[in-house]
Amino acid sequence: MNSVRIQVDGIEREVDRGKPLLQSLLELGIQVPYFCYHPRLRIIGACRMCIVFNEKTGRLMTSCNVYPEEGMSISTKHPLVLENQKYLLQAFMTRHPLDCPICDKAGECDLQNYGALFGPQRQIVPVSALHKERHQVDWESDFLEYYSNRCVVCYRCTRACDDVVGAHALYVEERGFQANIAPTLKPMDTSTCEMCGLCVHVCPVGAIISKPFKYWTRSWLLKKEKTICNLCPVGCEIQIEYGVGDWRSKEKVYRTKPTEELNICAKAFFGYDHLNHQRLKSPRMFGREETKGNVANYLSILLKGKGEETLLVLSSYLSNEDYQLIREIVRRTGVMVASTLSFDLLPFLRAYGEYIPLTIRDILEADFYVLVGQDVTSTAPVLSYYIKGKVYRVGKSQRDLKFNPVDIDKEELKGLEGEGVIVFNPLGMGAKEAEEWGLYLKELCKEKGFRLLLLQEGNSLGLIGNIPLEWLSDPLESLQVAKNAVLFGEDLLDYVDVERLKKSFERLEHLVVLSPFEDGIAQYAQIKVPLDLMGELEGTYSTLMGELRAKRFLPGSFNHTEFLRSLLEYLPEGDKKPTSVLSVNREMPREVHLYRSNWITERSENLRKLYEKNRMVEESLKLAK
């Protein structure tokens, strides 16, 4: 740290000269009010609330856009500071409605808190606080709502949308007291907006709210914990808020939010309701509820007796600890192992060879990026927040148009020069095409020195890092020869219609499904075991942010990892290898949409509505062409 010594309220402090003065003061625990500042957003000094008194110059200055200097002496409690903070708060409150009792931001509103701590305790300007000067702006959204008279025009929302997400879905219309935040295109839900919810989160007041959360509960009634989102490979740290809420509801998850890193997308922000969807809470065997131990014992007998005839179909949404336990189960029983990764990722890896995983931090300084396969913005939205600079695109895209990519052919990649990163997304590509890309990129990266960022789903990197690739079979081919099948999750439904799968299920002696949900494939299983989702499982994930640990805290969760451990205890020691059933070279079409990317997010009613609304617009545009 390049540190300097400064005087703050008469006390000598050591701070980092590379951080804004406001940030240093906050880290020292010194209370300074502010609205427009956020450590992840560019500094604009709009609200003027973070003023401090420079004792050497005898002048006030905003601490957000000033950097500490050796020997600087400032006061946060000077009479001029307090007087001006009161004046500014009075200006903010003059036309701000006193609707805290019905505002969703109550209890976590900066204006509410600063008004109590720093502001005047009575109205001194002869304008009613209930009077709305600014006209209302209808965003035409089913999910986001804007209250113009609550807005303090801090520009956090527009900066988050422009500088972090890159969606450019919001702008400021008019000026002064008439300034409003407006969508660049209406209706909001089918515009360039990605429904990441950052505008809701960064808003310091209740000017932008989430409609699905509106009027359901109060922030102080909810319990809050942090964990890792596993809905895509990025590995964002998010906050999950849960509790009882109001008289209409049972205990459930009410919302998810990002941390101050601002890493979140629609899948987590609005897709949280999948955690409340028809959850399978306890094991069931042949139509009756059973104990965890009895089910584990029964499965162990099945595996010991017919291990070679039993198939495990692995999900990409399990933890590394789960994969390690499954690997030991396979070693002891010799069961077949399959995964939908055999449709696209495995053919690529077998051709490409050893892949050394990159993290987002590894690619930040690249000269350019080449996007191959399905949209990055749909598959791993938060990764798109970090891709800044020149972007090339091989193939068509929709959401990735926000990068203003240069269309380029496969063979033209050899003409690129510099420190380049190939972001390769094989989802739904088909085995033959994925294999061809594997051979091509192997030679290209070796010749040009380009780095490869492999994009898949969930914890695919954890799966291929813990389960030997030579073990993995084609799940559809394996189902034709297996007599028993144990399915983890519903990854198969992302590629194959359920009606086609039902024919394979009918010939099985036993179908065991580990699923979070009562509907879906679990309906056809004789044995059902609950599978945990984010906030319910404890374990590590191999993500684009590195290896991260998820936390378990939601009440009523099953703990399927403990179930696998108990199953393993019933199995004798062994050292067997599974039979591999090779995949057939065929196309396995799959579309990944921002609002419907996998079998988990498909359970979200919020994302379903967004998906259908956007698909309708996309289809109408195709017809218009």
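Remember, predicted model here, so these are calculated numbers, not experimental data. (Residues numbered from 1 in each chain as written. Predicted model: local features only at pLDDT ≥ 70, side-chain atom pairs only at ≥ 80, totals over all residues. Heavy atoms only, no water.)

## Considering the sheet that holds strand β18 (residues 390-394)
Argument step 1. Taken in spatial order, the five strands make up an open sheet running β19-β18-β17-β20-β21, and their pairing is parallel. Strand pairing shows two members of the sheet lacking a second neighbour, β19 (406-407) and β21 (451-454), which therefore form its edges.
Argument step 2. Note that strand β17 (residues 368-373) and β18 share five bridges and pair parallel. Across the sheet, L371 pairs through a bridge with R393, a residue of β18.
Argument step 3. Where helix α9 (residues 345-352) meets the sheet, it contacts β20 (420-425) and β21, and its direction lies at approximately 160° from that of β21. (Pairing = 2+ DSSP bridges. Helix = DSSP H or I, 4+ residues; strand = E, 2+ residues; numbered from the N terminus. Contact = heavy atoms within 4.5 Å. Axes fitted to C-alpha atoms, helices over the stretch in contact; angles between N-to-C directions.)

## Thoughts on the side chain of S473
Argument step 1. As for its position among the elements, S473 is in strand β22 (residues 472-473).
Argument step 2. In this structure the side chain of S473 is engaged in a polar contact, spanning 2.8 Å, whose partner is the backbone nitrogen of V581.
Argument step 3. Excluding its chain neighbours within four sequence positions, the residues that come into contact with S473 are V337, A338, S339, S342, S478, T579, S580 and V581. (Polar contact = N/O pair within 3.5 Å; in protein donor to acceptor, adjacent residues only side chain to side chain.)

## Digging into the packing of helix α2 (residues 79-94) against helix α3 (residues 110-117)
Argument step 1. Contact geometry of α2 with α3 gives a least axis separation of 11 Å together with a crossing angle of 135°. Regarding the angle of α2 to α3, the classification is oblique. Crossing handedness for the pair α2 and α3: left-handed. Two secondary-structure elements touch here, α2 through L89, F92 and M93 and α3 through L111, Y114 and G115.
Argument step 2. Across the contact of α2 with α3, the residue classes tally to five nonpolar, one polar and no charged. (Parallel < 35°, antiparallel > 145°, perpendicular 65-115°, else oblique. Left-handed = near helix turned anticlockwise from the far one by under 90°. Nonpolar A, V, L, I, M, F, W, Y, C, P; charged D, E, K, R; others polar.)

## A short note on the environment of C151
Argument step 1. Considering the arrangement of structural elements, one finds C151 in the loop between β6 (144-146) and α4 (156-165).
Argument step 2. In the structure, C151 is positioned 141 residues away from G10 in sequence and 36 Å away in space, judged by C-alpha atoms.
Argument step 3. Residues contacting C151, with those up to four places away along its chain left out, are R134, Y146, I181 and A207.

## Details of unusual backbone geometry
Argument step 1. Omega for the peptide link from K186 to P187 comes to -5°, which places this bond in the cis form.
Argument step 2. Mapped onto the elements, P187 comes out in the loop between β8 (180-183) and α5 (198-202).
Argument step 3. Although it is not a glycine, F286 sits at a positive phi angle of roughly 55°.

## A short note on α9
Argument step 1. Across the eight residues of α9, seven count as buried, placing the element largely inside the fold.
Argument step 2. Looking at α9, one finds that the buried residues are L345, L346, P347, F348, L349, A351 and Y352.
Argument step 3. Where the residues of α9 are buried, they touch β20, α12 (431-448), β21, α13 (460-466) and β22.
Argument step 4. Trailing α9 by a residue or two, G353 shows a phi angle of about 95°, which is positive. (Buried < 20%, exposed > 50% of the residue type's maximum accessible area, 1.4 Å probe, protein only.)

## What to know about the pattern of salt bridges
Argument step 1. Following the criterion strictly, the structure yields 39 salt bridges and no others.
Argument step 2. Across the pair D142 and K613 runs a salt bridge, and its minimum N-O distance is 3.0 Å. In this pair, D142 sits in the loop between α3 and β6 while K613 sits in helix α17 (residues 605-624), placing the two residues 471 residues apart along the sequence.
Argument step 3. The salt bridge partner of D189 is K613, with a shortest N-O separation of 2.9 Å. Placement of D189 in the loop between β8 and α5 and of K613 in helix α17 is noted, with a sequence separation of 424 residues between them.
Argument step 4. In this structure, a network of salt bridges that share partners links the residues E328, R331, R332, E573 and D575. (Salt bridge = Lys/Arg side-chain N within 4 Å of Asp/Glu carboxyl O.)

## What about the sheet that holds strand β4 (residues 59-62)?
Argument step 1. On the basis of which strands lie adjacent, the open sheet formed by five strands has the order β2-β1-β5-β3-β4 and mixed pairing. Lying at the two open borders of the sheet, with one neighbouring strand each, are β2 (11-16) and β4. Along the sheet, successive strands turn relative to each other by an average axial angle of 40°, direction set aside.
Argument step 2. Against the sheet, α2 makes contact with β3 (51-54), β4 and β5 (73-75), and its axis sits at roughly 155° relative to β3, the strand it touches most.

## Points about the pairing of strand β15 (residues 310-314)
Argument step 1. Extensive coverage of β15 is indicated by the burial of five of its five residues.
Argument step 2. Side chains T310, L312 and L314 project from β15 onto one buried face, and the interleaved L311 and V313 project onto a second face that is buried too.
Argument step 3. Inspection of the sheet shows β15 paired to strand β23 (residues 484-488) by four bridges, in the parallel sense. Bridging from a neighbouring strand, T310 pairs with N484 of β23.
Argument step 4. As paired strands, β15 and strand β16 (residues 336-339) are joined by four bridges and run parallel to one another. Looking at the pairing, L311 lines up with M336 of β16.
Argument step 5. Handedness of the crossover joining β15 and β16 through helix α8 (residues 320-333): right-handed. (Right-handed = clockwise from strand over helix to strand, strands pointing away.)

## Looking at the nonpolar core
Argument step 1. Ranked by internal contacts, the top residues of the largest apolar core, which has 175 residues, are M195, F348, L383, W437 and L441.
Argument step 2. No other element matches α12, which puts six residues into this core.
Argument step 3. Every residue in contact with W437, bar those within four places of it in the chain, is listed here: F348, V372, V394, K410, L413, F424 and M429.
Argument step 4. In this structure, L476, A482, V496 and F505 belong to the second largest nonpolar core, which totals 25 residues. (Core = buried A, V, L, I, M, F, W, Y, C linked by side-chain atoms within 4.5 Å.)

## Looking at empty space enclosed by the protein
Argument step 1. What the rule picks out here adds up to eight cavities of 30 Å³ or more.
Argument step 2. By volume, the largest cavity amounts to about 110 Å³.
Argument step 3. Taken together, 16 residues line the largest cavity, and the ones lying closest to its centre are C161, L170, C193, C196 and C199.
Argument step 4. Sorting the residues of the lining of the largest cavity by element identifies α4 and α5 as the ones contributing at least two each.
Argument step 5. A breakdown of the residues in the lining of the largest cavity according to their chemical character gives 14 nonpolar, one polar and one charged. (1 Å grid on protein atoms, 1.4 Å probe; cavity = no way out; pocket = protein on both sides within 12 Å on 5 of 7 lines; lining within 4 Å. Points joined across faces, edges and corners; volume = space filled by probe spheres on them.)

## Focus on the layout of surface pockets
Argument step 1. Its volume calculated, the largest pocket comes out at about 1,000 Å³.
Argument step 2. Contributing elements (two or more residues each) for the lining of the largest pocket: β18 and α17.
Argument step 3. Ranked by the residues each element gives to the lining of the largest pocket, the list is headed by α17, at six residues.
Argument step 4. Residue classes in the lining of the largest pocket are distributed as eight nonpolar, 11 polar and 12 charged.
Argument step 5. Computed from the structure, the second largest pocket encloses a volume of approximately 550 Å³.
Argument step 6. Considering the residues around the second largest pocket, the lining is formed by 29 residues, among which K105, E108, H201, C203 and K257 are closest to the centre.
Argument step 7. Sorting the residues of the lining of the second largest pocket by element identifies α3, α5, β9 (208-210) and β12 (252-258) as the ones contributing at least two each.
Argument step 8. Ranked by the residues each element gives to the lining of the second largest pocket, the list is headed by β12, at four residues.

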